[in-house]
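Chain and residue survey
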Amino acid sequence: MEWVFGLIGGLGIGSVLTAAATHFMTRRAVASDRLYQEKREAYLGLLGAIHDAAIKPSEENSKAYGLWQTRCDLFGSSAVSEWAQKIVDTNEGPRENRAEAFRRLITAMRADLSG
């Protein structure tokens, strides 16, 4: 009779442990998905701001770029933040430097979103 109680108790604890593990894995997956979506939105916004600033340079578009750059600093990788700043730093320099910074920015974004 004691082994029956042990078996029933073991099954109950196993069910609780399984439910707890499932709950934590689901929460982790939701948090990971939310972070991915935040990164994606920030990166697409930054690319849009780069486009707007290139088409129509203005103080308003510069401020919009700064806002998206800050969002990338908040949600993105350090490599994305570094290359987003290089875009600003190469604004007055040779076009080759700016093109290289843009290529590296895109590469950093891809790496961050895929990893």
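Every chain is numbered on its own, with residues counted from 1 as its sequence reads. Local features are withheld for residues below a pLDDT of 70 in this predicted model, meaning they are given only at 70 or higher, and side-chain atom pairs are given and counted only at 80 or more; totals for whole chains, interfaces and linings count all residues. Water and hydrogen atoms were dropped before computing side-chain values, which therefore reflect all heavy atoms in the structure.

**Remarks on the pattern of salt bridges**
Let me state the cut-off plainly: Each reported salt bridge corresponds to a side-chain nitrogen of Lys or Arg within 4 Å of a carboxyl oxygen of Asp or Glu. Numbering of helices and strands starts at the N terminus; helices are DSSP runs of H or I of at least 4 residues and strands are runs of E of at least 2. Residue burial is assigned from relative accessible area. The probe radius is 1.4 Å, only protein chains are included, and a residue is buried under 20% of its type maximum, exposed over 50%, and partly exposed in between.
On inspection of all chains with the given rule, the structure shows six salt bridges. The shortest N-O distance in the salt bridge between D112 and K39 comes to 2.9 Å. Taken together, the residues D112 in helix α4 (residues 95–114) and K39 in helix α1 (residues 2–55) connect sequence positions 73 residues apart. The pair formed by D112 and K39 is uniform in burial state, with each residue classed as buried. Across the salt bridge formed by E100 and R104, the nearest N and O atoms sit 2.7 Å from each other. Taken as a pair, E100 and R104 lie in helix α4 at a separation of four residues, close to a single helical turn. Connected through salt bridges with shared partners, the residues E38, E41 and R71 form a single ionic network.

**A short note on helix α2 (residues 59–75)**
The criterion, for reference: The span one expects for a helix is its residue count, reduced by one, times 1.5 Å. An arc is given here, and it is the one of the directions from the helix axis to the C-beta atoms.
Here α2 is 17 residues long and its end C-alpha atoms lie 24 Å apart, about the 24 Å a rise of 1.5 Å per residue gives. Along α2, the positions that sit buried rather than exposed are N61, Y65, Q69 and C72. Along α2, the residues classed as buried sweep out an arc of 80° about the axis, all on the same side. In α2, the exposed positions angled more than 90 degrees off the buried face are occupied by E59, E60, K63, L67 and L74.

**Focus on the packing of aromatic side chains**
Definition in use: When the centres of two rings from Phe, Tyr and Trp lie within 6.5 Å, Trp using its six-membered ring, the rings pair. Their planes under 30 degrees apart give stacked, over 60 give edge-to-face, and anything left gives tilted. In this scheme, Lys NZ or Arg CZ marks a charge over a ring once it lies within 6 Å of the ring centre and within 35 degrees of the ring normal.
The final tally for this structure, using the stated rule, is zero aromatic pairs. We note K86 situated over the ring of W83; from NZ or CZ to the ring centre the distance is 6.0 Å.

**Some remarks on the environment of H51**
Structurally, H51 is set in helix α1. Residue classification places H51 among the partly exposed residues on the basis of a relative accessible area of 46%.

**Some points on the environment of K86**
Along the chain, K86 turns up in helix α3 (residues 78–89). Once the C-alpha coordinates of K86 and E100 are considered, the two residues, 14 residues apart in sequence, prove to be 9.5 Å apart.

**A short note on the nonpolar core**
Note the threshold: Residues belong to one nonpolar core when they are buried, are Ala, Val, Leu, Ile, Met, Phe, Trp, Tyr or Cys, and are joined through side-chain atoms within 4.5 Å. Any two residues whose heavy atoms approach within 4.5 Å at even a single point are treated as in contact.
Core analysis: the largest hydrophobic core is formed by 16 residues, its most contacted members being Y43, L46, Y65, C72, V80, L105 and M109. Contributing elements (two or more residues each) for this core: α1, α2, α3 and α4. Residues in contact with C72, not counting those within four places in the same chain, are A42, Y43, L46, V80 and S81.

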